[in-house]
Amino acid sequence: MSSVESSGDGGRWLDAHYDPVAGLYTFSSCVDLADLSGDGESRLVVGDLGTGSSGMKLKVYRGTALMSESVLLDLPSGLVAFFMDLHEPRIPAVAVASGPCIYVYKNLRPYFKFTLPSLEINPLEQDVWQQVREGQIDPMTLKEMLESIRKKDDIPLSIRSLRFLSLDVNDMDEFVQLHRQQPIKRQTVITCIGTLKKSTADEDGVSCLVIGTEDCTVFVLDPEAFTILSKMSLPAVPTMMDVTGQFDVEFRITVACRNGNIYILRRESDKPKYCIELSSHPTGLVRVGKNVVVGCTDESLQGFTQKGKKLWKINLPAPITTMAVMELPTRGFQGVLVGLANCEVHLYRDKNLLSTIKTPDTVTSICFGRYGREDGTLILTTKGGGLMVKILKRTAVFEDRDSTSGPPLAQSIRLNVPKKTKLYVDQTLRERENGLSMHRTFQMDLSRTRLAAARAYIKALESSLTPVSSSLSEPLKLNAVVQGLGPSFKLTLNVQNTAACRPIMSLAISFLYDENLYRVRNPYMRIPLLVPGLIYPVETFVECTNDKGVSDIIKVFVLHEGKSSPLLTAHINMPVSEGSALN
C-alpha cells in the first residue's frame, strides 16, 4: 500500500488509500456503495470480472480491507444495491446481473435467483433437432440445414445451434451425441441494470429492478415477488441506462443503445418517447438534474435535455474510459466525473472543467458517494487492477471557469422570471373551463372575417377596382407616381402587359376627379400597343385649383376604346398642395 500525490486538482482531494495490486478488474456499472450491515457505515460492493473466463467474484470492502467475497457463475454485467422490502432494520439487498439471471444477495448471502423468460424458438430449428433425435439426419446435413435457416428466417437460432455451427467437423458428432436428447432453449442475457423507486422518492424507499436485455427489451421487476411489472421494447440492444422517478407515479428511463442512439422511455408508453441521435457511439451516460450528459467515442462530452435537445458540446484531450455522477446534497453540488485514457479524471459542471485528477494508471471505474462515514469519497479502479480511494476536503471549493470559446458563462444564468400572477391563474382556469365555447366563438369570428374578405375581393374583381387586371386574356398591371409640391403636379402612370407573349392594343386611360379641386391637362389618353414585359410610362399634369389646403382622390381607369367597363382601376391619393403657402 502506498500514497499517491494528486496534481492538478488544486489540493481539493485527500489521498486516503492506493493499492496497485488489489486485483480488481471491473467497470462503473459493477460498483456500488451501500450500508449492508445497518450500522451507518457504507461498504464498497464490486462485481469483479476476474480473468474474463474464470475468477468472477462478488467482493465487499470495508475501509481498506476485503470483508467478504462470493463466487459468481458468469461475468457480471451490472450490480446495484436496493431496498426490496420495508422490514427493520433497513438493510439493502444486492442484485448482480450475470448472463440471463439476476442473483439477489441479502446480508451477503444468496437470497433469490431470477431468470429471464425464455424466447420463442424457431419452429424449423426445432424440427431439425427433432430429426437428429430420431436419427434421421447426420451432423453434416444438420449443419447445412441450420445455416439455411439462419440466412432465411427472422427468428435467431438458439445458443446450441450457433455453438454447433462454430465447431470443427471432427467435433460435431460428439456435440450432437451430447445434446440430442436435451430440449432446445433460446435464452437472452442481461446487458444493463438499474433501480427505480416504487412509490416514494425516499432514500430508503422500496425500489424496483430495471433490466435491459440482448433482445432489445427493458423489464421492470417487482422488488418482492420478482414478477414482471412492465415490458418495453427498443429499436436496438441497450448498453447503458439511467432511471429516475417512481414507478407508481411517473418515471423516465434513459437508455443508450448499440446503434449509437439514446432513447427515453416513459410510464405511459411501451416504446421510446424521444430519441437522441449521436454523431458517434456513446461510452458513458449519466443524468445531472434534468439534463443528460453523454460521453462519445469521438472524444467529446455532450449535454442534452430530457426531451433530446442538445445544449452543449466540448472536446476532450483523450478517449473516455468511464463516467459517473458526483452529487453532494449537503452542498447542492452536482457534476460529472470523466475518466480518460491519458490517466486523468476530469470533473465537469455542465461544460465547465472544475478539477483534474492525475492517476498512476488508466481508470476503468468511478464511484462517488458515502464510504464508511465520509460523504465525499471518490473510489477508482485502474486497468492494472489497482484500487484508489480519495476523500473530498470539507474546505474544497469548485469555481466555474469556462475553458471553451463561445458566449460568456453569465449568458447561461437563468433570469429571475416572476411567478405566475393571480390574473394569469384565473385566466388559465377560465380557459380550461370554457375552452370548448371559446374555441367555437373564435372559429366563428374567423370564418366571418374570411367571408367578408372574400366578398370584398370578389366585389373588387367584378368592378375592376384593383390595380391588377383579373382578365386572363388581357393581364395588366398599373402603378402611379405623383411628383411636385403644388399647385401643379406631374402624374406618371406606369402600365405593363404581364402576358407571356401576346400584345394588347386599343386601350385608353380616363380620369375621374372633383372638378372643383383639380384640373387634368389630358383627362383622356390613348395607350399605344403594349408589348409583353415592358413598362410604358404615361405622363400628364394635374393642377390644384383650390387654395384651402384640401386634397382628394383621383381615380384612374384603363379600358378598351368604345367600352365603358374598365379593365382595372387605381385610386391615387393626391397630396396637399403647398404652392400657395410657398408663395
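Data block above holds the structure.
Quick caveat: nothing in here was measured; it's all calculated off a predicted structure.

## Section: the pattern of salt bridges
And then number 1: By the definition in use, this model includes 20 salt bridges.
And then number 2: For the salt bridge of K106 with D85, the shortest nitrogen-to-oxygen distance reads 2.5 Å. One end of the pair, K106, is in strand β8 (residues 101–106); the other, D85, is in the loop between β6 (76–82) and β7 (93–98), with 21 residues separating them in the sequence. Here K106 matches D85 in class, with each residue buried.
And then number 3: Look at the salt bridges and you will find they share partners, linking E41, R62 and R373 into a network.

## Describing the sheet that holds strand β32 (residues 518–520)
And then number 1: Ordered by their spatial adjacency, 4 strands build an open sheet running β29-β30-β34-β32, and the pairing between neighbours is antiparallel. Of all strands in the sheet, those with a lone pairing partner are β29 (476–483) and β32, marking the two edges. For this sheet the average axis-to-axis angle between neighbouring strands, irrespective of direction, equals 30°.
And then number 2: Pairing of β29 with strand β30 (residues 488–497) involves 8 bridges; the strand directions are antiparallel. Considered in β30, the bridge of L478 is made with V495.

## Focus: unusual backbone geometry
And then number 1: A cis geometry characterises the amide bond from E88 onward to P89, with omega recorded as -5°.
And then number 2: Tracing the backbone through its elements, the reader meets P89 in the loop between β6 and β7.
And then number 3: The phi torsion at C216 lies on the positive side, around 65°, for a residue other than glycine.

Criteria and thresholds
Residues numbered from 1 in each chain as written. Predicted model: local features only at pLDDT ≥ 70, side-chain atom pairs only at ≥ 80, totals over all residues. Heavy atoms only, no water. Salt bridge = Lys/Arg side-chain N within 4 Å of Asp/Glu carboxyl O. Helix = DSSP H or I, 4+ residues; strand = E, 2+ residues; numbered from the N terminus. Buried < 20%, exposed > 50% of the residue type's maximum accessible area, 1.4 Å probe, protein only. Pairing = 2+ DSSP bridges. Axes fitted to C-alpha atoms, helices over the stretch in contact; angles between N-to-C directions.

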